[in-house]
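Report on the structure
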Amino acid sequence: MANSSPPEAPPLGKYLASSEKKTRDKAVKSFWMSDKPLVQQALAQELAELVLTITNLPSSLNFLKGFWSTTVREWNGIDRLRMDKYYMLVRRFVNASFRLLARSKWDVSALQEYNSILASTGGPLCPTDLRVPASLTFHLTEIYLEELEKALASSGSSLPAPLLALLSPFITLAAYTPANTTYKHLQETLFQPLLTALQSRTLNARKRVQAPIPDYPNVLSNACTYAPTTDSPMEAGALREAILQKLFAAASAEDARDANRRKMYALYKNASEDDDDSIG
């Protein structure tokens, strides 16, 4: 039987992974200069797939760290005509990141490192780094659950996704961001839609009627809080309650921003009252 060898990095990935700045710049420029949609899509996919082509998990995470720090640093220099293809590039990388974590069986240390990449200085969800462009944070907030849903559908993993762990950087950002618009976007495009979807799934189960197709069927049906290797998928009601408790705990932190604390308490209170009304 022929010896199998690890897959080679795609050509553009080899350029980007080079130790020479001139060679890395060639890869970046090739994406910057691409104008045809099909070429843009192919290059974006090629770059993102490098996350999975690298066979060493720490190296893949280090590559992701470089991607996010570069993206945050260069984002404001992207002109309007090129912005859409960089939104697409971010989508591809988010999706590849989820597939990487699923392939690692949601390894706890890998997930912690990934969250740190997103939330630490230089990351797109850092609440104290004023260099982070709001439009990048908003885009990541909008696509996160969509790309998690796609990744779960394609990964083939039977383990439940640790949803609460994956949401942690966003919940922390909600508690500490000094920008009211950022908090508003987090609540309206991430927290509230997810809580509403979980409540809808619970109500349909309780009434024993056929549930409508949810926005994120794989996420809602195969998720837990933190430990997929030991925890079973949680029912929607229990998962919703866990998310609400996490929001409440983050808002209760002594150094949470006062204005954000009040909004998070209000979100918790309104959601809890909705649950009580649905039971009654």
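Reading the values: the criteria
Residues numbered from 1 in each chain as written. Predicted model: local features only at pLDDT ≥ 70, side-chain atom pairs only at ≥ 80, totals over all residues. Heavy atoms only, no water. Helix = DSSP H or I, 4+ residues; strand = E, 2+ residues; numbered from the N terminus. Buried < 20%, exposed > 50% of the residue type's maximum accessible area, 1.4 Å probe, protein only. Contact = heavy atoms within 4.5 Å. Phe/Tyr/Trp six-rings, centres within 6.5 Å; stacked < 30°, edge-to-face > 60°. Axes fitted to C-alpha atoms, helices over the stretch in contact; angles between N-to-C directions. Left-handed = near helix turned anticlockwise from the far one by under 90°. Nonpolar A, V, L, I, M, F, W, Y, C, P; charged D, E, K, R; others polar. Salt bridge = Lys/Arg side-chain N within 4 Å of Asp/Glu carboxyl O.

1. A look at the side chain of E147
Its location among the elements puts E147 in helix α7 (residues 134-155). Take E147: its relative accessible area is 4%, and that puts it in the buried class. Residues in contact with E147, not counting those within four places in the same chain, are R91, V94, N95 and F98.

2. Quick notes on the packing of aromatic side chains
Tallied over the entire structure, the rule returns eight aromatic pairs. Pairwise contacts between aromatic rings join F63, F67, W68 and F93 into one cluster.

3. So, the packing of helix α8 (residues 163-176) against helix α11 (residues 236-251)
The interhelical angle for the contact between α8 and α11, taken along N-to-C directions, is 35°, at an axis separation of 10 Å. Read as a crossing pair, α8 and α11 show a hand that is right-handed. Contact residues: L163, L164, L167, S168, I171 and A175 in α8; L239, A242, I243, K246, L247 and A250 in α11. Among the residues making up the contact of α8 with α11, the classes are represented as ten nonpolar, one polar and one charged.

4. Re the pattern of salt bridges
Overall, the coordinates contain ten salt bridges when judged by the stated rule. Across the pair E74 and R73 runs a salt bridge, and its minimum N-O distance is 3.2 Å. According to the relative accessible area criterion, R73 is exposed, its value standing at 54%. Among the charged side chains, a network of salt bridges with common partners joins R91, E146, E147 and K150.

In short, shape yes, function no, at least from these values alone.
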